Amino acid sequence: PPARGVVQLQDVEFTYPGADDPVLSDINLTARPGGMTAIVGSTGAGKTTLLSLIPRLFDVTGGRVLLDGLDIREYDPAQLWERIGLIPQKAFLFTGTVASNLRYGNPDATDEELWRALEIAQAKDFVAEMPEGLNAPVAQGGSNVSGGQRQRLAIARALVKQAPVYLFDDSFSALDVATDARLRRALRPISAHATVIVVAQRVSTIVDADQIIVLENGRVVGTGTHDELLAGCATYVEIVQS
Ligand code: DCP
Ligand code: MG
């Protein structure tokens, strides 16, 4: 059956290798195509850890993660990775060119597809301004582009995969407010058919989410829309007011 992108976490618990205590416990959530799920919580709450379980960067130590109804441990790892576009909290680039960085994950992508991804990621203009364009060199670690540019190239790279699931780990807070807003608008056609999970800090990023999951000390302390959580989740109120 074709990939749809329904992500489910069922009674998930996770303890880092060698650690004594779980950093995530009793996590239950379902994220569906055509909607955006936002994950909020203070630093150390477990947001990055939660996202890392979906492409199996780590395996759950309790409960299970399902993609389209199937335990992710049943997938061939490469097949799972193909279906998930992860934009890490700390974006990284390889030594090479803009194009080689973008094609990581989808070697067959055409130049046109690369430009389209760059356009959505708000990275088209600065790449077009480089004399070599798509063939512009990327120095070690992306040291010749700014942090915000690196972030947007990492977003474009994930979009080139055309995955049914996208995981954005705090990808927007490093961007200025205007770029952030343009980027999120450009992502709408994608979130219309894909499953999008974003870890976010700015209220503007999360107010429109179809569901918001509030994490505190590795546990879900609230699930709902912005208005529902404002009315019923003290932790959420604290987060959005800080
Ligand atoms: N942790 C750990 N080993 C790692 C990564 C994290 O022991 N390799 C711990 C640190 C925190 C907890 O796990 O106590 C959760 O860490 P996360 O990075 O998942 O937390 P967040 O992503 O929510 O924090 P931030 O907002 O700072 O990114
Ligand atoms: Mg994090």
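What you are looking at is a predicted structure, and each value in this text was computed from that prediction instead of being measured.

Asker: In this structure, what is going on with the overall build of the protein? I would like to understand it.
Answerer: Looking only at helices and strands, one finds ten helices and twelve strands in the protein. Here the C-alpha atoms of the protein give a radius of gyration of 18 Å, agreeing with the 18 Å that 2.2 N^0.38 yields for 242 residues. Over its C-alpha atoms, taken along the principal directions, the protein stretches across nearly 50 × 40 × 35 Å. Among the 242 residues that make up the protein, the fraction classed as buried is 50%. Seen as two clouds, the 21 positive and the 29 negative side-chain charges of the protein have centres 3 Å apart.

Asker: Sorry, what's going on with the side chain of R152 here?
Answerer: Looking at the secondary structure, you find R152 in helix α6 (residues 147-160). Residues within four places of R152 in sequence aside, it is in contact with A121, Q122, A123, F126, L175 and T179.

Asker: Teacher, can you tell me more about the site of ligand 1 here?
Answerer: Around ligand 1 lies a shell formed by Y16, V23, S42, T43, G44, A45, G46, K47, T48, T49 and Q89. One of the side-chain N or O atoms of T43 is found 2.4 Å from an oxygen atom in ligand 1. Between an oxygen atom of ligand 1 and a main-chain N or O atom of G46, the distance comes to 3.0 Å. For ligand 1, whose unbound accessible area comes to 600 Å², protein coverage reaches 60%. Among the residues making up the shell around ligand 1, the classes are represented as three nonpolar, seven polar and one charged.

Asker: Hey, could you run me through the coordination of the magnesium ion (ligand 2) in this one?
Answerer: Tetrahedral coordination by four donors puts the ideal angle at the metal at 109.5 degrees, and octahedral coordination by six puts it at 90 or 180 degrees. Protein coordination at the magnesium ion (ligand 2): the donors are T48 (OG1) and Q89 (OE1), at 2.0 to 2.3 Å from the metal. Residue T48 is found in helix α1 (residues 47-53), and its partner Q89 is found in the loop between β6 (84-87) and β7 (96-97); the two are separated by 41 residues along the sequence. T48 sits in the partly exposed class, given a relative accessible area of 35%.

Asker: Got a minute to help me understand the sheet that holds strand β5 (residues 70-71) in this structure?
Answerer: Within a sheet, each strand pairs with its neighbour through backbone hydrogen bonds, oriented either parallel or antiparallel. Across the sheet, four strands lie side by side as β2-β1-β4-β5; this open sheet has antiparallel pairing. Each having just a single partner strand, β2 (24-31) and β5 make up the two edges of the open sheet. Examined bridge by bridge, strand β1 (residues 7-14) and β2 share five bridges and lie antiparallel to one another. Residue pairing for β2: V7 is matched across the bridge by A31.

Asker: How do you make sense of the packing of helix α4 (residues 111-120) against α6 when you look at a structure like this?
Answerer: Axis separation between α4 and α6 bottoms out at 8 Å; the angle between their running directions is 130°. Taken together, the axis directions place α4 and α6 in an arrangement best described as oblique. As α4 runs across α6, the sense of the crossing is right-handed. For the pair α4 and α6, the contacting residues are E113, L114, A117, L118 and I120 in the first and L153, A156, L159 and V160 in the second.

Asker: I keep staring at α4 and nothing clicks. Help me out?
Answerer: For an α-helix, the turn length of 3.6 residues means that residues three or four places apart are oriented alike. Within the sequence span of α4, burial applies to L114, A117, L118 and I120. Summarising the axial view, the buried residues of α4 lie within an arc of 160°, below the 170-degree limit, and thus occupy one face. Next to the buried residues of α4 lie α3 (98-103), α5 (124-129), α6 and α7 (177-191). Downstream of α4 by a residue or two, Q122 has a phi angle that is positive, lying close to 60°.

Asker: Looking at this structure, I do not really get the pairing of β1. What am I missing?
Answerer: Successive residues of a regular strand alternate their side chains across the two faces of the sheet. Sheet analysis places β1 next to strand β4 (residues 62-67), joined by five bridges and oriented antiparallel. Looking at β4, one finds that L9 is bridged to V65.

Criteria and thresholds
- Counting from 1, residues in each chain are numbered in the order their sequence is written.
- Key to labels: chains lettered from A, ligands numbered from 1, both in the order written.
- In keeping with the model being predicted, local features are shown solely for residues with a pLDDT of at least 70 and side-chain atom pairs are shown and tallied solely at 80 or more, while totals for entire chains, interfaces and linings include all residues.
- Hydrogens and water are ignored here; the side-chain numbers use all heavy atoms of the structure.
- For the purposes of this entry, the term helix denotes a DSSP run of H or I that reaches at least four residues, the term strand denotes a run of E that reaches at least two, and both are numbered from the N terminus.
- To get the radius of gyration, use the C-alpha atoms; to get the globule rule, take the number of residues to the power 0.38 and multiply by 2.2 Å.
- Classification of residues uses two cut-offs on accessible area relative to the type maximum, computed with a 1.4 Å probe and protein chains only: under 20% is buried, over 50% is exposed, and between them is partly exposed.
- Charged-residue counts in this description rest on Lys and Arg as positive and Asp and Glu as negative, His and the chain ends being excluded.
- Charge positions come from single atoms, namely NZ of Lys, CZ of Arg, CG of Asp or CD of Glu.
- Here a residue-residue contact requires only that any non-hydrogen atoms of the pair lie within 4.5 Å.
- Note on terminology: near, applied to a residue and a molecule or strand, indicates that one of the residue's heavy atoms is within 4 Å of it.
- Polar contacts, as counted here, are pairs of nitrogen or oxygen atoms within 3.5 Å of one another; within protein the pair requires one atom able to donate a hydrogen and one able to accept it, and residues that are adjacent in sequence qualify only if both atoms are side-chain atoms.
- Only the protein chains shown count as cover for residues, and all accessible areas are computed by the Shrake-Rupley method using a 1.4 Å probe.
- Amino acid classes used here: Ala, Val, Leu, Ile, Met, Phe, Trp, Tyr, Cys and Pro are nonpolar; Asp, Glu, Lys and Arg are charged; the rest, including Gly, are polar.
- The rule for donors is simple: N, O or S, within 2.8 Å of the metal, or within 3.2 Å if the metal is Na, K or Ca. Water isn't counted, so a site may look like it is missing partners.
- Two strands are counted as paired when DSSP detects at least two bridges linking them.
- The convention used is that axes are lines fitted to C-alpha atoms, helices contributing only their stretch in contact, and that angles between N-to-C directions extend from 0 to 180 degrees.
- Orientation categories follow fixed angle ranges, with anything under 35 degrees roughly parallel, anything over 145 roughly antiparallel, 65 to 115 roughly perpendicular, and all other angles oblique.
- For a crossing to be left-handed, the near helix must be turned anticlockwise from the far one by less than a right angle; the clockwise case is right-handed.
- What the arc describes is the spread of directions from the helix axis to the C-beta atoms.

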